Amino acid sequence: MSDPALVCSSVGVRYGSVDALVSVDLEAAPGELVAVLGPSGSGKTSLLHAIAGFVPLSSGSIEIGGHRVADPTGSTAPEHRDVGVVFQHHALWPHLTAAETVAFPLHRSATAADIEAEVSELLGRLGVEHLADRLPVELSGGEQQRVSLARALARHPGLFLFDEPTAHLDAPLRTGLLEEIDRQRGREQAAGIYATHDAGEALALADRVLVLRAGRAVQVGPPIEIYEQPVDVWAAELTGPASVLDVELTPTAPGRARLALGPAERDIECTGGAGSVPLIRPEWASLGGPFSATVEYVSYRGARTEYRLMTGAGTVVVGEDGPPRLAPGDDTGWDVHRAHRVNRR
Amino acid sequence: MIKPARAGALLLVVAIAATACSGGGDATLTIYTSVTQATVDAVVAGFEEANPDVRVEVFRAPTGEVTARIETERRTGSLDADVIWLTDPLSMYRYQADDLLATWDPDGADTVPADARTDSFWGTRVLHLVIVTREGNPDGIEAWRDLVDSSLSVALPDPRFAGSAFAALGYFGLEPGFGLEFYEELRASGAVQVSSPGDVVTGVAEGRYHAGLTLEFSARVAADKGSPIETVWPAPAAIAVTSPIAVFDGAEPKDGARGFVDHVLSSTGQAAIGSTGWTPAVTGIDGPLPPDGANIVYPDWRSVFERQDDLVAGYAAVFDD
Amino acid sequence: MVLLAGLLGYPIGRLLIEAFADGPAELADTVFRDVVGTAAFSSVWTSAVAASLALGLGTALALLTERSDVRGGRLMRAGVVATLVVPPFVSAISWQATYAPFGLLDDLTGLSAPWLEGWAGVVVVIAVNVAPLAYLVVAAALRSSRIADLEWSARASGAGAGLTLRLITLPLVRPALAAGWLVGFAASLASFGVPVVLGTRAGVETLTTRVYRAVAFSAQPAAFREAVVMALLLALIALVAVMLTDRRYAAASDTVLGGPTSEGSRRLRTPRGAAVAAWGYLVVTTGLPFAGLVLRAITRAVGVSATPANWTLANFRQALDDRFWEALGRSAVLALGAALLAIVAAGLFVLVQRAAGRGWGAATLVMFAIPGTSIALAVSLGYGRWLANTAAIILVAYVAKLVALAHRPLAASVAGIHPDLIRAGRASGASARRVLQKLIAPLLRPALVAGGLLVFVFAIHELTMSSILHGPGNETLAVVVLDYQQIGDPTVTAALATVLALIVGTAALPFLWLRRSWEGRR
């Protein structure tokens, strides 16, 4: 079995007296893409900078491809780590053309002709070969990020680090670039760490997701687990709408529990164990059913419509395909088939 | 990153290099002078030709600035000058009294007229203080006294700035019939003070003033260029000032400094003075001479020197508001 | 830190020691001595009036070039900025040659401005020289796109152009107006060439001219002490002004300068006649005086008409003697040395600034604001013992005064380099050294060149400091011009001033060109 592409053990980073990261563990297998998900200021960039070697560790250690590259006593220089970085603001050098930028990491490899060939191959792979002689100011945002990606690819590293590479792109460009990143990284058979505050990206792209809050890892797992079994309400809301009802669940069988609201009750599918109240995703509930509620707010999302219902135990958001069929103030019944147990907020 | 220490060292090296370039070697002769640039240049060129191993540095400025610099340097104990060459003899008497000047006997000292030399400084050229008027002298100005006339605007150079004006103050101050009262009367009739004799000539040429006290040299240069002015050799007499030169005690190189004075008094040096428009102190050398019949007075500078502080204070009382 | 102490701390310390040498009582006595008090008062009021005039002119021009759709706005901007490189004393000599009695205008039309040689002339010419500075500060604020949006929202709310200007635009740039006034005040306070050229005949005396006279023309220790006290006073007044400026200016940049430039955004209609007035202003303040200067330089003598019959190049022949060429060479070497040293020093400041925080950057600005007169006297007290009468002492003063000109663009340029650009280099496998060579150095090069050029241009025509510090064998170009001016030879002075203006203009050309190429790139 080959070495993991990345092992972070109890990594801590301090800026002066501020803890940016506290005891973060993270492992990535070769070829695996791990998304680091968290709001701004949660420590995503600090983690990437620690892995890339831009900041020293105050505790813990980092291994890349089986080589210890950082611990509190020392650090391998960034240029000697087997990583390729794609930066949030592209970080293209304003005085270098696209071709010169991509050639920059290649300077050690062989002849000028080889470099030229490699550069045009890389730019071609990303569909920006025709922009080779342009300066960054002459490129659009999406083109800039493609050049930036080509620059990271040029090192053929064992580990890619992506620092919110799509944060400044418009939605249509974003999707295209995400696919590009996935395809290129897959082709290189390299691992990747992808920092983002966008849960949609994280869930769609990653093999596993690490959720960061205030410098601490609060949850690691496959995307489905992150979405369906969040550790708490905060983590749940990071990945999408979620309602928590102020009512105790009563376990009935392994993986099942009873939900009682007023006169009605239901035996439902139930995951989690730590807490006692139900967290409900909109698609786990439906309109019509034994529970009664009043429609408070309706928001039409195109393919779906979300209804916020006032129940006796707080509000619950119910999602349904199709256009709205109820208006605020209507009374309605509703139902739920599944819940995830969490602690009260 | 550039190491701060390395950059600091670079800074130091450049500064030292700049210092080195600016001179200060042993064979450098430093001359402080108020003599016109062209004259100094001509004399120095001749000297350097004869003494290729001596490098000459010249500080040329108006008399007031030269003497102030010497005072400042004396106070800080770093008198830089080896040779001093001034416009008026008064400051020289001060340096002589303070034992700053070397007493010696230059070659050709005896060719300088007796009343233009002492045992430590020697006259090099003769400046004449005259009246400059508009072309054709339309106001009929013939005598110093004619300048006291409230219908005329009259300009006088500042004695604290120009050595020649200082000399004029010395002469009038002690001369019976003039005295400081002469300046009081001038001031009362509306005379104004400007900086230099050149300013006086410029002002008259422009038509700003009717007349003024100036150096005959300045008036001649402007008239030769075409300025509409005229020189009047006034009654009772134009004032002669014998621009003196001296060597400071402790001058380095001593031979170079004395050699320079020898050169100035030699026929080559005197000819250079004559050819740049000044009357040589040594007679028989080619140069501009006063017209026949012009009265010229050689004031007794020693007596003036003894009274100079009173005169300067009295003048200031008249012309400073 | 050592550098800062060496360039400024130690000399100013010596200045303080010298001022207090006879005890505080004597110091107080000197400060309140009539002449000092009068000179200080003159300096402050002339600077205040000149700064106000300059601000008015600068703001009007800035509104025209930045907020109106005037034709040839770019050219006008270049014209205003170009007047910044005219050495102030050359400007004073030109005005004198053109507008004073017996000048060009008098010669042609019989009209002249007798007030020019006196307080009024000193104030007006200083104001005209300082106006481009005020212009730059105000124009930078007006260029913000936010101003355009806010103006148009006022128009959409029913306010007319005049009301919008009064209620929206000017209040919005008020911090910049205050900063512009203070910058103008500090620059006017330091002005030496203008009062010395235009004021001497009328007995105009400011702190700068009085210090110069006390140092250059008086042998009395008391006069020197007085000069030291006046130099300190000057520095103090300037410091107060600059401290106010920096705060105001920071506020101005925060509130207004945030947005991108509004190049090409919707602009207001140009008021009728404004463009004519602006071009007229440039012609009257810069074009005509230069013409007057040149005419005087080619006229054979004072007091004859400047008609072709009287034209000659003799004045140039007389002016361009050995002494001139030596001084030119010396000034060029000094300016080059000052430019190189200022760049190195600015680089060190930027490094220290990164390590020790923002306050250090302001230090260079303080050095620039302290009038050259004070710096020259301080440097001569501090280093005169070792360096008196050498070119090195002038060099020290130049670097102390001008390092800010190299520091500002460099610091801005360094601040503009996002740390990710450097990280991207390291992450691409480049060593720190290679990152410096291939990435940082090329990015900083324009700033280094611009800073160096600015220092060079200002050093090559520097008069204030070299007039106090020069000694045998190290006259600078400007000192030679001043010497001819004082001897009272106006035609040769004009010839020299013309040559000096051409030299400075030539030296400044690459800068204007660089500026344009940057603007083009942005």
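Since the model is a prediction, treat every value here as computed from it, not as a measurement. (Residues numbered from 1 in each chain as written. Chains lettered and ligands numbered in written order. Predicted model: local features only at pLDDT ≥ 70, side-chain atom pairs only at ≥ 80, totals over all residues. Heavy atoms only, no water.)

From N to C terminus, chain A includes eight helices and 21 strands. Each principal axis of the C-alpha atoms in chain A carries an extent, and together these give about 80 × 45 × 40 Å. Burial statistics for chain A: of 345 residues in total, 52% are counted as buried. Taking the intrachain contacts of chain A between residues at least 6 apart in sequence as the baseline, contacts between residues at least 24 apart amount to 66%. (Helix = DSSP H or I, 4+ residues; strand = E, 2+ residues; numbered from the N terminus. Buried < 20%, exposed > 50% of the residue type's maximum accessible area, 1.4 Å probe, protein only. Contact = heavy atoms within 4.5 Å.)

Looking now at the domain arrangement of chain C. Residue and element names in this part refer to chain C. For chain C, the assigned domains are domain 1 (46-204 + 272-311) and domain 2 (313-522). A separation of 24 Å is found between the C-alpha centroids of domain 1 and domain 2. Listed per partner, the contact involves 27 residues of domain 1 and 29 residues of domain 2. Together domain 1 and domain 2 conceal approximately 2400 Å² of surface at their shared face, both sides included; 73% is due to carbon and sulfur atoms. Across the contact surface, domain 1 and domain 2 share zero salt bridges. For the pair domain 1 and domain 2, the number of links is two residue pairs in polar contact (both at pLDDT 80 or more). Those elements giving two or more residues to the side of domain 1 that touches domain 2 turn out to be α4 (73-82), α5 (88-99), α11 (193-198) and α14 (274-298). Counting residues per element, the side of domain 1 that touches domain 2 draws most heavily on α14, which supplies six residues. In terms of residue class, the side of domain 1 that touches domain 2 is built from 20 nonpolar, three polar and four charged. (Domains from an automatic or database assignment. Buried area = accessible area lost by both parts, 1.4 Å probe. Salt bridge = Lys/Arg side-chain N within 4 Å of Asp/Glu carboxyl O. Polar contact = N/O pair within 3.5 Å; in protein donor to acceptor, adjacent residues only side chain to side chain. Nonpolar A, V, L, I, M, F, W, Y, C, P; charged D, E, K, R; others polar.)

Each side of the interface is counted separately: chain C has 52 residues, and chain B has 47 residues. Between chain C and chain B, roughly 4000 Å² of surface is buried when both sides are summed, and carbon and sulfur atoms account for 58% of that area. Of all residues in chain C, the largest losses of buried area upon contact with chain B belong to Phe102(C), Arg201(C) and Phe217(C), amounting jointly to 15% of the total for that side. Where chain C packs against chain B, one counts four salt bridges. For the interface between chain C and chain B, the tally reads eleven residue pairs in polar contact (both at pLDDT 80 or more). Put simply, the parts of the chain that give the side of chain C that touches chain B at least two residues each are α12 (207-217), α13 (221-255), α15 (314-319), α16 (322-356), α19 (391-415), α21 (432-460), α23 (477-487) and α24 (490-521) of chain C. In terms of residues, the side of chain C that touches chain B owes the most to one element, α16(C), which gives five residues. Class assignment of the residues belonging to the side of chain C that touches chain B gives a composition of 27 nonpolar, 16 polar and nine charged.

Quick look at the nonpolar core now. Within soluble globular proteins, side chains that are nonpolar generally end up buried alongside one another. Of all hydrophobic cores here, the largest spans 207 residues; its most connected members are Leu6(A), Ile51(A), Ile62(A), Ile193(A) and Leu377(C). Counting residues per element, this core draws most heavily on α19(C), which supplies 17 residues. When residues no more than four places from it in sequence are discounted, the contact partners of Leu6(A) are Leu26(A), Glu27(A), Ala28(A), Ile51(A), Ile62(A), Glu63(A), Ile64(A), Leu159(A) and Ile193(A). By size, the runner-up hydrophobic cluster in this structure holds 82 residues, among which are Leu90(B), Tyr95(B), Ala272(B) and Ile285(B). (Core = buried A, V, L, I, M, F, W, Y, C linked by side-chain atoms within 4.5 Å.)

A few words on the domain arrangement of chain A. Residues and elements named next belong to chain A. When cut into domains, chain A gives domain 1 (6-238) and domain 2 (243-342). Computed over C-alpha atoms only, the centres of domain 1 and domain 2 are separated by 38 Å. Listed by partner, the interface residues are eight residues for domain 1 and nine residues for domain 2. Buried area between domain 1 and domain 2, both sides added, is near 740 Å², and the carbon and sulfur share of it is 51%. Ranking the residues of domain 1 by area buried against domain 2 places Tyr-227, Glu-228 and Gln-229 at the top, with a combined share of 59%. At the surface where domain 1 touches domain 2, the tally comes to one salt bridge. Note that Glu-228 is salt-bridged to Arg-338, the shortest N-O span being 3.1 Å. Counting the contacts that link domain 1 with domain 2 gives five residue pairs in polar contact (both at pLDDT 80 or more). Sorting the residues of the side of domain 1 that touches domain 2 by element identifies α7 (223-228) and α8 (233-238) as the ones contributing at least two each.

All names here are of chain C. Orientation of helix α3 (residues 34-67) relative to α4, taken along the N-to-C sense of each, is 145°, at an axis distance of 9 Å. The interaxial crossing formed by α3 with α4 has left-handed handedness. Of the residues in α4, those in contact with Leu-61, Leu-64, Thr-65 and Glu-66 of α3 are Gly-73, Met-76, Arg-77 and Val-80. (Axes fitted to C-alpha atoms, helices over the stretch in contact; angles between N-to-C directions. Left-handed = near helix turned anticlockwise from the far one by under 90°.)

In this section: the sheet that holds strand β10 (residues 208-213) of chain A. All names here are of chain A. Taken in spatial order, the six strands of this open sheet run β7-β8-β9-β3-β10-β11, and their pairing is mixed. On the outer flanks of this sheet lie β7 (83-86) and β11 (216-221), each paired with one strand and no other. For this sheet the average axis-to-axis angle between neighbouring strands, irrespective of direction, equals 15°. Bridging between strand β3 (residues 33-37) and strand β9 (residues 191-196) involves five bridges; their strand directions are parallel. Of the residues in β9, the one forming a bridge with Val-36 is Ala-195. Strands β7 and β8 (159-163) of the sheet are contacted by helix α4 (residues 141-153), whose axis makes an angle of about 170° with β7. (Pairing = 2+ DSSP bridges.)

What follows is about the packing of aromatic side chains. Residues and elements named next belong to chain C. In this structure the tally under the stated criterion is 27 aromatic pairs over all chains. Judged by centre distance (5.0 Å) and plane angle (70°), the ring pair of Phe-192 and Tyr-212 falls under edge-to-face. Linking Phe-192 in the loop between α10 (174-190) and α11 with Tyr-212 in helix α12, this pair joins segments that are 20 residues apart in sequence. A relative accessible area of 3% means that Tyr-212 is categorised as buried. (Phe/Tyr/Trp six-rings, centres within 6.5 Å; stacked < 30°, edge-to-face > 60°.)

Assignment of secondary structure puts Phe104(A) in the loop between α2 (98-103) and α3 (112-125). Spatially, the C-alpha atom of Phe104(A) lies 9.7 Å from that of Val119(A), the residues being 15 residues apart in sequence. Look past the residues within four positions of Phe104(A) in its chain and what remains in contact with it is Trp93(A), Leu96(A), Gly425(C), Ser428(C), Ala430(C), Arg434(C), Lys438(C) and Leu439(C).

To continue, consider α4(A). The end-to-end C-alpha distance of α4(A), which contains 13 residues, comes to 18 Å, matching closely the 18 Å that a straight helix rising 1.5 Å per residue would cover. Burial within α4(A) is extensive, with ten of its 13 residues counted as buried. Turning to α4(A), the residues buried within the fold contact β7, α2, α3, β8 and α5 (171-188) of chain A together with α20 (419-427) of chain C. (Expected span 1.5 Å × (residues − 1).)

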